[in-house]
Amino acid sequence: MHAPKPNILLTLAVPADLVARARADFPQFAWIEAQKERVLEQAAEAEILFGPARVEHAAAAKKLQWLQSSSAGAEKVALSEVYQKGAFVLTTAAGMHDSCAEHTLALLLALTRQVGLYARTEAAGTGTGTRTGTGTGTRPYAPEIWERRKSHPPARVLHGQTLGLLGLGAIGRAVARI
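Residues numbered from 1 in each chain as written. Predicted model: local features only at pLDDT ≥ 70, side-chain atom pairs only at ≥ 80, totals over all residues. Heavy atoms only, no water.

*Asks:* If you had to explain the overall build of the protein chain to someone new, which residues and values would you point to?
*Replies:* A count of helices and strands for the protein chain gives eight helices and five strands. In the protein chain, the succession of α and β elements from N to C terminus is β-α-β-α-β-α-β-α-β-α-α-α-α. Within the protein chain, buried positions represent 27% of all 178 residues. Long-range contacts, defined here as pairs at least 24 residues apart, represent 36% of the contacts in the protein chain between residues at least 6 apart. (Helix = DSSP H or I, 4+ residues; strand = E, 2+ residues; numbered from the N terminus. Buried < 20%, exposed > 50% of the residue type's maximum accessible area, 1.4 Å probe, protein only. Contact = heavy atoms within 4.5 Å.)

Spelled out as structure tokens, the structure:
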């Protein structure tokens, strides 16, 4: 008599070809794609949850042994409840901290250099410079940008500024290293 396969409930959308590959490469598991209207019922039978870490999924998972969060954190899960079940909680933090830190820096630069304002201005065709187009000549300077700029703070230079970090987890430490 064979022992039943452990159920892995995929609580995030995974392309069908990847699910098929997982089933072929790891036939010792039952790969279950969550159905929105049945996800709590499905979670009750799952030994492994894979996807966004949700409190309601973890609470419903009576047989839970392993929670694999698809994000860098698992703050949304009642971790003490998961640990009381004797389950492991794994996140992608170890693989994502450098990418998240770089994204943090990109957002900081976009904010201080007003990238959004300039991108919207260019998209609307009201930029401050001239541009040579294909057969359209040049676009003249647009004075309305200067009027619009009056309502926006000036772009800032980061050089010489101090950045305060709230939290020195893996991502915070990676931002500090940059």
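*Asks:* Residue-level account of the pairing of strand S2 (residues 30–33), with values.
*Replies:* Note on strand geometry: in a regular strand, side chains alternate between the two faces of the sheet. Across four bridges, the pairing between strand S1 (residues 7–10) and S2 is parallel. Note that in S2 the partner of Asn 7 across the bridge is Ala 30. The parallel pair S1 and S2 is bridged by helix H1 (residues 16–25), and the resulting crossover is right-handed. (Pairing = 2+ DSSP bridges. Right-handed = clockwise from strand over helix to strand, strands pointing away.)

*Asks:* Just give me the short version of the nonpolar core, but keep the residues and values in it.
*Replies:* Generally speaking, nonpolar side chains in soluble globular proteins are found buried as a group. Of all hydrophobic cores here, the largest spans 15 residues; its most connected members are Leu 9, Ala 43, Leu 49, Leu 64, Leu 67, Val 77 and Val 82. Of all the secondary-structure elements, those providing two or more residues to this core are helix H2 (39–44) and helix H3 (55–60). When residues no more than four places from it in sequence are discounted, the contact partners of Leu 67 are Leu 49, Ala 53, Val 77, Phe 88, Val 89 and Leu 90. Judged by nonpolar contacts, the second largest core, of six residues, contains Ile 8, Val 19, Ala 22 and Trp 31. (Core = buried A, V, L, I, M, F, W, Y, C linked by side-chain atoms within 4.5 Å.)

*Asks:* Can you explain the sheet that holds S2? Please cite residues and give values.
*Replies:* Taken together, five strands build an open sheet; the order of strands is S2-S1-S3-S4-S5 and the sheet is parallel. Every other strand in the sheet has two partners, leaving S2 and strand S5 (88–90) as the edge strands with one partner each. Ignoring strand direction, the axes of neighbouring strands in this sheet form an average angle of 15°. One ladder, built from three bridges, connects S1 with strand S3 (residues 48–51); its direction is parallel. By the bridge assignment for S3, Leu 10 is matched with Phe 50. (Axes fitted to C-alpha atoms, helices over the stretch in contact; angles between N-to-C directions.)

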